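Listed here are the chains, written in short residue letters.
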Amino acid sequence: MSAEDLENYETEMELALYREYRDVVGLFAYVVETERRFYLANQVDLQVRSAAGEVYFELRLADAWVWDVYRSARFVKSVRVVTFKDVNVEELAKAELAL
């Protein structure tokens, strides 16, 4: 496999992942960003913790979708993340119901 073939494959995988995201984003209530991952979730519990003078974040998500090209299953029942880096949680606006 050439470098160009690999680059084309990765580009196609990213495009497929974006299309999947676009199709499922309406099913979720929250967008969550950590330093390593991007999630969609319906329940988010963010706790600020400290140990030995260090502050860290414990994040629990339920009914989630993970932005990761290399995961075979992106829908997960629950996720627990522990990080010393910033965490961003945003509530998604719900579209008006069309009759």
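Before reading further, recall that the structure is shown in the block above.
Procedures and definitions
- Residues numbered from 1 in each chain as written.
- Predicted model: local features only at pLDDT ≥ 70, side-chain atom pairs only at ≥ 80, totals over all residues.
- Heavy atoms only, no water.
- Helix = DSSP H or I, 4+ residues; strand = E, 2+ residues; numbered from the N terminus.
- Expected span 1.5 Å × (residues − 1).
- Buried < 20%, exposed > 50% of the residue type's maximum accessible area, 1.4 Å probe, protein only.
- Arc of directions from axis to C-beta.
- Contact = heavy atoms within 4.5 Å.
- Core = buried A, V, L, I, M, F, W, Y, C linked by side-chain atoms within 4.5 Å.
- Pairing = 2+ DSSP bridges.
- Axes fitted to C-alpha atoms, helices over the stretch in contact; angles between N-to-C directions.
- Salt bridge = Lys/Arg side-chain N within 4 Å of Asp/Glu carboxyl O.

(A) Region of the structure containing helix 1 (residues 3-24). Along its 22 residues, helix 1 runs 32 Å from first to last C-alpha, staying within 8% of the 32 Å computed at 1.5 Å per residue. For helix 1, the set of buried residues is L17, Y21 and V24. With its buried residues spanning 75° around the axis, helix 1 presents them on a single face. Exposed and facing more than 90 degrees away from the buried side of helix 1 are E4, E12 and D23. Buried residues in helix 1 make contact with strand 2 (38-51), strand 3 (54-67) and strand 4 (75-83).

(B) Looking closely at the nonpolar core. Core analysis: the largest hydrophobic core is formed by 12 residues, namely V32, Y39, A41, F57, L59, L61, A64, V66, V76, V79, V81 and V87. Every element with two or more residues in this core is listed here: strand 2, strand 3 and strand 4. For this core, the leading source of residues is strand 3, giving five residues. In terms of nonpolar packing, the next biggest core, distinct from the first, is built from eight residues, Y21, V24, F28 and V69 among them.

(C) Summary view of unusual backbone geometry. A positive phi angle is found at A52, which is not glycine, with a value near 55°. The topology assignment puts A52 in the loop between strand 2 and strand 3. With relative accessibility at 83%, the residue A52 sits in the exposed group.

(D) Region of interest: the sheet that holds strand 5 (residues 88-91). Here we have five strands laid out as an open sheet, ordered 4-3-2-1-5, and antiparallel in their pairing. At either end of the open sheet lies a strand with only one pairing partner, and these are strand 4 and strand 5. Strand-to-strand twist across the sheet, computed as the mean angle between neighbouring axes with direction ignored, equals 20°. Across four bridges, the pairing between strand 1 (residues 30-33) and strand 5 is antiparallel. Note on strand 5: the bridge partner recorded for E33 is N88. Against the sheet, helix 1 contacts strand 2, strand 3 and strand 4, and its axis sits at roughly 85° relative to strand 3.

(E) View of the pattern of salt bridges. In the structure shown here, the tally under the stated rule is five salt bridges. Between E20 and R74 there is a salt bridge; the shortest N-O distance is 2.8 Å. In this pair, E20 is assigned in helix 1 and R74 in the loop between strand 3 and strand 4, connecting sequence segments 54 residues apart. Across the salt bridge formed by R80 and E58, the nearest N and O atoms sit 3.0 Å from each other.

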